[in-house]
Amino acid sequence: MALRPDEFYDHALAASDAERRLPLARMTGWDISPFEEDGLRVSPLRPPVLPEPARHGEDPSDCDSCRRRGEGIWFNDNWRLTRITGVGVPLVLMLHPLDHHDMADLPDELAAELGVLTTHIVRHVQALEHISRAHVYRIGDGGAHLHIWFFARPAGQAQLYGSWLPVWDDLLPEYPADVAEADAALVADALVASAGGRRRADAEASGG
Ligand SMILES: [Zn+2]
C-alpha cells in the first residue's frame, strides 16, 4: 500500500531544508538539463490538497474534447488526431478518443486500437525528415478525457533527449507553423494509408 498523503508529505519534508525546499538532484544535474544548477532553487513543498480539485471535463456534459470531436487532422470511428499549435519542438500531436473515456476506463477494444495507433503515429512521426524520435506521454492531471501526447524530437539536438523535452519545448521559440502543418499532414496521410481512417471528420456521417 502506498504512503498516505500526510505520510508522503512528511517523508518528502524530511529531506527538505528550513524553507521546505528539496535540494537540487538527479535531473537538474544531468547535462541535458535546460537549467544550470547555479542560481536555481527548488520551490517550497506544499502540503497535500484533498480532495483534489476536479479536472477539466470530469463531467462529460462540460468537456471541451467532447465538444471538439469534429476538430482534427485525422479521424476514424473511435479516435481523432490533432496538432497542438504554438509549440517549440517541430511537431506536437495529440490522440483523443471521440467518446468520453479516461485511460483507466477505456474499453479493451479501444485500448487495443490505441496500441496500434500509437505505434503507427510514432512510426510516421519518426519517418519525417530531420525528426529522430517521437516521445509519447499520457499524464491526465489536467483533463479527464484521455489524450495522448506525441512530441517530435528534432534530429541532432542532443540536449533535447529524454524527459526534459516538454520543458525545452516551453522554452524554445515558436516553431514555424507552416512547416509543422505540412509535417502533420504527412503523418495524417501516412496514418490513413497504414491504419485507415480519413482526413476529415464530416465523412463519418456518410460512412466514408
Ligand atoms: Zn469528453
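Each value, and the rule that gives it
Each chain carries its own residue numbering, running from 1 in the direction its sequence is written. This being a predicted model, a pLDDT of at least 70 is required before a residue's local features are given, and a value of 80 or more before pairs of side-chain atoms are given or counted; all residues contribute to the totals for chains, interfaces and linings. As a rule here, side-chain values come from all non-hydrogen atoms in the structure, and water together with hydrogens is ignored. Secondary structure elements follow DSSP: runs of H or I of four or more residues count as helices, runs of E of two or more count as strands, with numbering from the N terminus. Each residue is placed in one exposure class: buried if its accessible area under a 1.4 Å probe, protein chains only, is under 20% of its type's maximum, exposed if it is over 50%, and partly exposed if it falls in between. Because water is not among the atoms used, a metal site may look incomplete, as its donors are only the N, O and S atoms within 2.8 Å, or 3.2 Å for Na, K and Ca. Any coordination sphere not matching a tetrahedral pattern (four donors, all angles between 85 and 135 degrees) or a square planar or octahedral pattern (four or six donors, opposite donors over 155 degrees apart, other angles between 65 and 115) is reported as irregular. Contacts described as polar in this section are N or O atom pairs within 3.5 Å, which, within protein, must combine one atom able to donate a hydrogen with one able to accept it, while residues neighboring in sequence count only if both atoms come from side chains. Whether two residues are in contact is decided by their heavy atoms: any pair within 4.5 Å suffices. Where each domain starts and ends comes from a domain assignment, either automatic or drawn from a database. Buried area: the sum, over both parts, of the accessible surface (1.4 Å probe) that disappears when the two are put together. Any residue with an atom within 4 Å of a point lines the site, the site being either a cavity, points on a 1 Å grid over the protein atoms alone where a 1.4 Å probe fits but cannot get out, or a pocket, an open set with protein on both sides within 12 Å along at least 5 of 7 lines. Grid points are joined across faces, edges and corners, and a volume is the space filled by probe spheres set on the points. When residues are sorted by character, Ala, Val, Leu, Ile, Met, Phe, Trp, Tyr, Cys and Pro go into the nonpolar class, Asp, Glu, Lys and Arg into the charged class, and all the rest, Gly among them, into the polar class.

- The name that an unreviewed UniProt entry assigns to the protein chain is HIT family hydrolase, with the source organism given as Streptomyces vietnamensis.

Considering the overall build of the protein chain
Part 1 of the argument: When you go through the protein chain residue by residue, the secondary structure sums to six helices and five strands.
Part 2 of the argument: Reading the protein chain from its N end, one meets helices and strands in the order α-α-β-β-β-α-β-β-α-α-α.
Part 3 of the argument: Expressed as lengths along the three principal axes of its C-alpha atoms, the size of the protein chain is roughly 65 × 40 × 25 Å.
Part 4 of the argument: In the protein chain, buried positions account for 37% of the 208 residues.

Observations regarding the coordination of the zinc ion
Part 1 of the argument: In the first shell of the zinc ion, the protein supplies C63 (SG), C66 (SG), H100 (ND1) and H145 (ND1), at 2.0 to 2.3 Å from the metal.
Part 2 of the argument: Taken together, the four donor atoms surrounding the zinc ion define angles of 105 to 116° at the centre, an arrangement classified as tetrahedral.
Part 3 of the argument: Donor residues binding the zinc ion come from one chain and are separated in sequence as C-x2-C-x33-H-x44-H. Highlighted residues: C63 in the loop between α1 (5–13) and α2 (64–67) and H100 in the loop between β3 (92–97) and α3 (108–126), separated in sequence by 37 residues.
Part 4 of the argument: What makes H100 partly exposed here is its relative accessible area of 24%.

Side note on the side chain of H96
Part 1 of the argument: Mapping H96 onto the fold places it in strand β3.
Part 2 of the argument: Residue class for H96 comes out buried when judged on its relative accessible area of 7%.
Part 3 of the argument: A polar contact of 2.8 Å, which involves the side chain of H96, links it to the side chain of T82.
Part 4 of the argument: Polar side-chain contacts of H96 include one of 3.4 Å to the backbone oxygen of M94.
Part 5 of the argument: When near neighbours in sequence (up to four residues on either side) are disregarded, H96 contacts S65, N78, W79, R80, T82, L146 and H147.

Observations regarding the domain arrangement of the protein chain
Part 1 of the argument: Taken as a whole, the protein chain is organised into domain 1 (1–53) and domain 2 (69–206).
Part 2 of the argument: Once you take the C-alpha centre of each, domain 1 and domain 2 turn out to be 31 Å apart.
Part 3 of the argument: Between domain 1 and domain 2, the residue contacts involve seven residues of the former and eight residues of the latter.
Part 4 of the argument: Counting the surface lost from both domain 1 and domain 2, the interface buries some 680 Å², and carbon and sulfur atoms represent 75% of this.
Part 5 of the argument: Considering only the side of domain 1, the residues that lose the most area to domain 2 are M27, I32 and P34, jointly responsible for 69% of the buried surface there.

Overview of the layout of surface pockets
Part 1 of the argument: Space inside the largest pocket adds up to approximately 310 Å³.
Part 2 of the argument: If you trace the largest pocket, you find 15 residues lining it, with D64, S65, R68, M94 and H96 closest to the centre.
Part 3 of the argument: When its residues are assigned to classes, the lining of the largest pocket shows four nonpolar, seven polar and four charged.
Part 4 of the argument: As a volume, the second largest pocket reaches approximately 160 Å³.

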